[in-house]
Structure formats: C-alpha cells, structure tokens
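For reference, the chains in residue letters:
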Amino acid sequence: MEAALSAGIGTPLARPAADVSTSVDLVALTPGTPAFVAVVEQVLTEFFATRREIVEPLGPVFVDAAEALEQFVVRGGKRTRPGFAWTGWLGAGGDPAAPEAASVLTACAALELVQACALVHDDIIDSSRTRRGFPTVHIDFTDRHRASGWSGDGEAYGCAVAILIGDLALAWADDLVHAAGLDTAAFARFAPVWARMRTEVLGGQLLDINGEAGGDESVAAALRINRYKTAAYTIERPLHLGAALAGADDALVAALRTYGTDVGIAFQLRDDLLGVFGDPAVTGKPSGDDLREGKRTVLIAEALRRADAESAALIRAGLGTDLDDAAVDRLRAVLVDVGAVDDVERRITELTETGLAAIAHSTATPAAKHLLHDMALAATRRTA
C-alpha cells in the first residue's frame, strides 16, 4: 500500500504509508483487545519512522522533541478512538478482508495523534505533573532544562516545548491521514468530518477554560463542555469518520452519532468520578487531582446545585487549591452526602441506555451492534 505523505493536501513527500496488510489478520481484529492495540501501535510506530528523515536535518533538539512525542503516543493507552472509528466502518458495512481495509485502519490510527495533542496541551492547562504514571511532557522538558543548567525559566521552557510538541502531534495526525492511501471518494467523505472533529475538540477545550475562569457553575455548561471536549472526538466523530469511509447513509450516521454523544458524555462523567475518587495506582494520576485543578465538572455543578450554603462554601473554597489528603477526603464526603455522586451515576446509566437503544434500532451490522454494546459498557464502567 503506497501513498504520498503530506504536510497538507498538495504537498506530497512521496513516502510509503505504514503497511499492516501483510503482517496482520485484519478480519480477526476486535477493538479493545490487546491485538487491536498492538496493530494500532504498529501503524503509529511505522509512521514515526517515516518522520525521522524529515526531523533529523533540523538537529538534535527537534529530534529529542519528536522522540518525546513518539514515546508519549506509543507508551500506553487503550486506543479507544481508533477502536470506535474501526467499528463505525465495520458497522456501515466495511469489509476487513477488502484491499482498502489497511488504509482505513491507518486513518483510524491517526486519531491517536489528535488525542496526543489534546492530552499534552490539557496537561499544561491543568498543571498536571503525571500522565499514565510518567511525568507529563511539560514537566519532562522542565526537568531537562534544569538538569542541563540552562538559562531562563525552566517551567516556561517546558511549557513552550510541550505546546509545540502538541502542535506537532496535530500536524502529524493530518500527515498520517494523507499517508493512509484512502481512495478519492472515501477521503472526500472523511475530510469534512475530520475537520469538524478537530474544531470541536479545540472549541471544547476553550469552553472548559472559559467556564473555569468565568465561574460558570451550571450543570448545563458542564454538560456542553463534555459534549464538545470529550464526546465529540472520543466516540461520536470517530464512529462518524468510520461510517463515512464506508459510505453510510444519513440514518445510520445519525444513530451512530446519538450513541456517540450519549456514551461519550457518560464516558466523561465516569472520568469525572475517577478524577475525584479513582485509585492512583490504576489511573496513574494523584487521587483528587480534579479538585486541586478546580475542574468545573458535572459532579461539582450538581453538588453545588444541591448543597446548602455551608457545604457549597466548602466546595468553592477548596476547588483549585493545593488540597492535602484530609481536605480531599472532606470534599469527597460532601459530594457523596449531597447526592451528587448518585446523580452522576444515574446520568451515566441513562445515557448509556439511550445510546445503546439508538444502535439497537439502527441498520448497523449485527457484529457491530454487539461490539458497540460491549464498548459502551467498557467506556462507562472503567476504573482508569
């Protein structure tokens, strides 16, 4: 499978795309399994290898940055977004035994680079120090600056480098799509959805930042952020992308998007609970980090809506501060006592059920319906 790599349409670099078609049985691939994770990582690793020829002339500084991005991308992750995109393609009648299957899988894998961009930038915005048990990218480069004894502000340097590495991930996501070898008709269906998804995830991040700065404590605002910051690019648009590649009709696309929106919001609601109550040994992040970061989640918005004046004041005073473990425990107790945790669990259940109902009544293939059922439960009942 050959395709022109591109920094954008019309600027071919004439390099081969990652070729998994001869080494992997795509028919047997099931999203969420170690085999699926491994093949997505193979595509990504082979793609990174094609970038070295472009990166090396810029010198060791850029080589180090590119290697940091590669390590960040291939070091862990469930490959959730490629899994949903692949399932959307299968659900709309895509044939994993067909010649175009490897190209579709490569395009699906590009979602991991969009995810990398979002995570690297999100960690800067949230001042997070760890990700999956490792230093976040901006902390890594802050430490490198200090270890080298360089001049200037090490933290500013680390953040600046991480911003550029996140930008590089987003640029390379486009490169990988252009490298996939999609035929002209499939790419024409794919491109508008891809463009919307990238805009939505950036818009969702801006809504999140603005919500925190402006102090919007409403449940509606928190749900809108969940819709665009997480659901759109985690489940809804990946499914839409896969379905578009297979040429799905409008009714099936609508059903997949309903599922993606509802299950995607439920996925984020579970993440909100884990950000307060999760086990650090499982999540890879300090327990209660969302409280210290001051995240205006549905959990917090619902707690404030339900709380009396004293409890609400305690929540507001603690959010976004350097809470010790005892203070985190006190806030957790308030969230439980006012019923906010039970409310979020109820929302997760209801959204999962409405999403599954949309798929059950759709024209998606029976195999895809089964997959999407299992994937919804895995996304909303996870512990990390």
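Residues numbered from 1 in each chain as written. Predicted model: local features only at pLDDT ≥ 70, side-chain atom pairs only at ≥ 80, totals over all residues. Heavy atoms only, no water.

Asks: Explanation requested: the overall build of the chain in the structure shown.
Replies: Check the secondary structure of the chain and you find 17 helices and two strands. Taking 21 Å as the expected radius of gyration for a compact globule of 384 residues, we find that the chain reaches 21 Å, a close match to that expectation. Taking the principal axes of its C-alpha atoms as reference, the chain extends roughly 65 × 60 × 30 Å. Across the 384 residues in the chain, those meeting the buried criterion constitute 55%. (Helix = DSSP H or I, 4+ residues; strand = E, 2+ residues; numbered from the N terminus. Rg over C-alpha atoms; globule rule 2.2 N^0.38 Å. Buried < 20%, exposed > 50% of the residue type's maximum accessible area, 1.4 Å probe, protein only.)

Asks: Is there a simple way to explain the state of the cysteines in this structure?
Replies: In protein chemistry, a disulfide is the covalent bond that joins the sulfur atoms of two cysteines. On inspection of all chains with the given rule, the structure shows zero disulfides. Take cysteine 117: it sits in no disulfide, and the sulfur closest to it among the cysteines is that of cysteine 159, at 15 Å. According to the relative accessible area criterion, cysteine 159 is partly exposed, its value standing at 24%. (Disulfide = S-S within 2.5 Å.)

Asks: Explain the pattern of salt bridges here, please?
Replies: A side chain of one charge can pair with a side chain of the opposite charge when the charged atoms of the two come close. The full count for this structure, using the stated rule, is 29 salt bridges. Aspartate 325 is the partner of arginine 292 in a salt bridge, and the nearest nitrogen-oxygen pair spans 3.6 Å. You can see arginine 292 sitting in helix α12 (residues 289-293) and its partner aspartate 325 sitting in helix α15 (residues 325-337), a full 33 residues away along the chain. For aspartate 325, a relative accessible area of 58% translates into the label exposed. Each of the salt bridges in this network shares a partner with another, and the network as a whole consists of Glu302, Arg305, Arg306, Asp343, Arg346, Arg347 and Glu350. (Salt bridge = Lys/Arg side-chain N within 4 Å of Asp/Glu carboxyl O.)

Asks: Which parts of the structure should I look at to understand the nonpolar core?
Replies: Here is a general trend for soluble globular proteins: nonpolar side chains tend to be buried in one another's company. Of all hydrophobic cores here, the largest spans 80 residues; its most connected members are Leu69, Trp86, Leu113, Trp172, Trp194 and Tyr259. Ranked by size, the runner-up nonpolar core spans 31 residues in total, among them Ile265, Leu291, Leu319 and Ile348. (Core = buried A, V, L, I, M, F, W, Y, C linked by side-chain atoms within 4.5 Å.)

Asks: What is the right way to look at the packing of aromatic side chains in this model?
Replies: Under the counting rule described, the total for this entry stands at seven aromatic pairs. Note on phenylalanine 47 and tryptophan 172: the rings are 6.2 Å apart at their centroids and 85 degrees apart in plane angle, and the pair reads as edge-to-face. Taken together, the residues span a long stretch of sequence, with phenylalanine 47 in helix α1 (residues 34-55) and tryptophan 172 in helix α7 (residues 154-179) at a distance of 125 residues. Judged by relative accessible area, which is 7%, tryptophan 172 ranks as buried. A centroid spacing of 5.6 Å and a plane angle of 75 degrees characterise the contact between tryptophan 150 and tyrosine 157, whose relative ring orientation is edge-to-face. (Phe/Tyr/Trp six-rings, centres within 6.5 Å; stacked < 30°, edge-to-face > 60°.)

Asks: Sorry, what's going on with the environment of valine 104 here?
Replies: For valine 104, the location among the structural elements is in helix α4 (residues 101-109). For valine 104, a relative accessible area of 3% translates into the label buried. Taking C-alpha positions, valine 104 is 36 Å from glycine 158, a pair spaced 54 residues apart along the chain.

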